[in-house]
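Okay, here's what each chain looks like letter by letter:
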Amino acid sequence: MIVLFIVMGCLIGVILGVNAPSMSYMYADYLAISIIAALDTVLGGITATLKNNFNFKVFVSGFFVNSILSILLILLGNKLNVDIYLAAIVVFVGRMFNNLTIIRRHYIEKWEKFEKREHEDKANKSK
């Protein structure tokens, strides 16, 4: 069921992306940091799900608060003529790599347990 929603979301994104007008270069920083903040939140949600402590309210609030804070940092940086958004990118990307590491390790451990159990089953059948 969730795969169906993912496929539908991708199709809607492609259709809207093809038909949408292109964005001004002036707003590219805002869009980029918002996407990175959203991806960080999504990966954090996946990590929380794997650790069995996912909270939907925390996920949604983190999604919007991270995006809004990052946009405000870009706005402040533009007013001060300083590239503050680079700090936000470093933090969000660092957190994304940490979350990906946790996700990767979870599935590697799960795969190793599966292989070990499968090997033990074969050994028990041959006895």
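Here the residue numbering is sequential within each chain, running from 1 through the sequence in written order. Only residues with pLDDT of 70 or above have their local features reported here, since the model is predicted, and side-chain atom pairs are shown and tallied only from 80 upward, although totals for entire chains, interfaces and linings are computed over all residues. Excluding hydrogens and water, the side-chain values take into account all heavy atoms of the structure.

### Points about the nonpolar core
This is how it is decided: Nonpolar cores are built from buried Ala, Val, Leu, Ile, Met, Phe, Trp, Tyr and Cys residues. Side-chain atoms within 4.5 Å join them into one set. Here's how the labels work: a residue is buried when its accessible area is under 20% of the maximum for its type, exposed when over 50%, partly exposed in between, all with a 1.4 Å probe on protein chains only. Here a strand is any run of E in DSSP of at least two residues, a helix any run of H or I of at least four, and the numbering for each starts at the N terminus. Any pair of residues with heavy atoms lying within 4.5 Å of one another is described as a contacting pair.
Formed by Tyr30, Ile33, Ile36, Ala37, Leu43, Ile74, Tyr85, Ala88, Phe92, Met96 and Ile103, the largest nonpolar core amounts to 11 residues. Contributing elements (two or more residues each) for this core: α2 (28–50) and α4 (85–126). Residue contacts for Leu43: discarding those within four places in its chain leaves Met96, Asn99, Leu100 and Ile103.

### Structural notes on a nonpolar patch on the surface
Which entries qualify depends on this criterion: Patch definition: residues with relative accessible area over 30% and no salt bridge; like charges joined within 9 Å; nonpolar side chains (Val, Leu, Ile, Met, Phe, Trp, Tyr) joined within 5 Å. Accessibility throughout is a Shrake-Rupley quantity obtained with a 1.4 Å probe, and a residue counts as covered only by protein chains that appear here. Between Lys or Arg on one side and Asp or Glu on the other, a salt bridge is scored when a side-chain nitrogen of the former is within 4 Å of a carboxyl oxygen of the latter.
A surface patch of nonpolar side chains, about 490 Å² in accessible area, is lined by Ile2, Val3, Ile6, Val7 and Leu11. Here Leu11 lies in helix α1 (residues 2–19). With relative accessibility at 51%, the residue Leu11 sits in the exposed group.

### Section: the environment of Tyr30
Here Tyr30 shows up in helix α2. Taking C-alpha positions, Tyr30 is 28 Å from Ile102, a pair spaced 72 residues apart along the chain. Non-local contacts of Tyr30, meaning those with residues more than four positions away in its chain, are made with Ile71, Ile74, Leu75 and Asn78.

### Observations concerning the packing of aromatic side chains
Working definition: an aromatic ring pair is given by the centre-to-centre distance plus the angle between the planes. Here is the rule we go by: The aromatic pairing rule takes the rings of Phe, Tyr and Trp, using the six-membered ring of Trp, and pairs them if the centres are within 6.5 Å, calling planes under 30 degrees apart stacked, those over 60 edge-to-face and the rest tilted.
Applying the stated criterion across every chain yields a total of 3 aromatic pairs. Ring geometry for Phe54 and Phe59: centres 5.7 Å apart, planes at 50°, overall tilted. Taking relative accessible area as the criterion, Phe54 reaches 39% and is therefore assigned partly exposed. Relative to Phe63, the ring of Phe59 has its centre 6.5 Å away and its plane inclined at 35°; by these criteria the two rings are tilted. With Phe59 and Phe63 both in helix α3 (residues 56–80) and 4 residues apart, the pair spans about one turn of that helix. The class of Phe59 is partly exposed, set by a relative accessible area of 22%.

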